[in-house]
Amino acid sequence: MGTRATLVTYDARRARALARLDRILEALDAAERELSTWRPESVVSQLNRQPVGVPLALPRWTCDAIREVSRWHAETRGAFDPTVGRLVAAWGIAAGGRLPAPAELAEARRLTGLGTLHFDARTCEVARARDVEVDTGGFGKGAALDRAAAAASDGHPWLVDLGGQVMVSGTPPDARGWQVLVAHPEARDQPVLGLSISRGSLATSGGSERDVQVGGVRVGHILDPRTGRPASFRGSVTVWHSSGLVADILSTALFVMGPAEGLPWAEAHDIAVCYLTSEGHGPRTAVQVQASPAFARRFPDRRRLWPSVERIGYFPEGRGISR
Ligand code: ADP
Ligand code: MG
């Protein structure tokens, strides 16, 4: 999936530890073979080449992932949409960013939308009603982590870091959890928050470091499918969820929503999310931390490693609990 994986495990028996790592690698590889658009032979690459209107039978695991993605697409009112491939191309997301001409943008929008993918969850068949392109960039890594978790679990502690999204089970010996650092939204080597986890997954989206400015428009790598334009939030979003797939989906979706829409949504859905917003431009600025109540409850011993102001919850009248 165009990224790097780091695997950690602890075991008194070396052979058993190596076998566990091997099972994790095999699971990540199997996930790649189904979901990666970096591999021309993957299931999703085949789907993207499938003639319009002709159904393709999906393997069980990909089918389950698409079902979950569809559910969250509806739940996030379209903020998460895996059919953004044409928009990603129009904005040149993988190629340094560009401004599409109005007609090109209109055409890309016509070829975007989960409604143009006819998915039968019972038979696991999917057909493209238009020449849409499925982009797994927003959920493939999370799905792969769940597959790795299912393959790894034998009660011994392990951690997988897949391109910055972390999934763990158990804790290292003599520790209460794995320490995960969340970076400054404008400086990825500056930790702002220290979190300890012993299960589930932490996914972060954003960090405007990689964004480019094209003709007066900031083009980040996350698009708002509802407008067809790059999402306007500047900052980062970190989500914890027991499922890697859901953490991955929701970090992208909540980035699209931004804190004003995302915090009330997260509160209503009891989702653990934390928005980091730089209080100025550049790496040396203080950071505003806005966490949902579920996030505050999950991480009562979170450590602040950088000047920051924290607010918990969503307060329509603009009041928060500052600590
Ligand atoms: P990263 O993969 O960089 O960790 P994300 O998980 O947020 O970050 O995924 C961003 C990727 O998801 C983009 O590069 C693009 O391929 C895809 N994408 C962009 N916008 C959306 C969206 N609104 N819904 C679903 N996928 C998206
Ligand atoms: Mg994501």
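See the structure printed just above.
Below is a short write-up of the structure. Note that this is a predicted model, so its numbers are computed, not measured.

### Digging into the pairing of strand β16 (residues 287–291)
Logical step 1: The buried count for β16 comes to 4 of 5 residues, which makes it a mostly enclosed element.
Logical step 2: By the bridge criterion, 5 bridges tie strand β15 (residues 272–278) to β16 in an arrangement that is antiparallel. Paired with Tyr275 across the bridge in β16 is Gln290.
Logical step 3: Inspection of the sheet shows β16 paired to strand β18 (residues 308–312) by 5 bridges, in the parallel sense. When the bridges of β18 are listed, Val289 appears paired with Glu310.

### Structural notes on unusual backbone geometry
Logical step 1: Of note in the backbone geometry, Asp174 takes a positive phi value of approximately 60° without being a glycine.
Logical step 2: Looking at the secondary structure, you find Asp174 in the loop between β6 (165–169) and β7 (178–184).
Logical step 3: On the basis of relative accessibility, which here comes to 87%, the residue Asp174 falls in the exposed class.
Logical step 4: Located in the positive-phi region is Asp270, a residue other than glycine, with phi close to 55°.
Logical step 5: If you trace the backbone, Asp270 turns up in the loop between α7 (244–269) and β15.

### So, the nonpolar core
Logical step 1: By size, the foremost hydrophobic cluster in this structure holds 58 residues, and its most contacted members are Leu250 and Leu254.
Logical step 2: Element by element, the count of residues in this core is highest for α7, at 13 residues.
Logical step 3: Ignoring sequence-local partners within four residues, the contact set of Leu254 consists of Val237, Val239, Gly262, Trp265, Ile271, Val273 and Tyr275.
Logical step 4: Val180, Val192, Leu202 and Trp240 belong to the second-largest nonpolar core, a separate cluster that totals 22 residues.

Rules of the game
Residues numbered from 1 in each chain as written. Chains lettered and ligands numbered in written order. Predicted model: local features only at pLDDT ≥ 70, side-chain atom pairs only at ≥ 80, totals over all residues. Heavy atoms only, no water. Buried < 20%, exposed > 50% of the residue type's maximum accessible area, 1.4 Å probe, protein only. Helix = DSSP H or I, 4+ residues; strand = E, 2+ residues; numbered from the N terminus. Pairing = 2+ DSSP bridges. Core = buried A, V, L, I, M, F, W, Y, C linked by side-chain atoms within 4.5 Å. Contact = heavy atoms within 4.5 Å.

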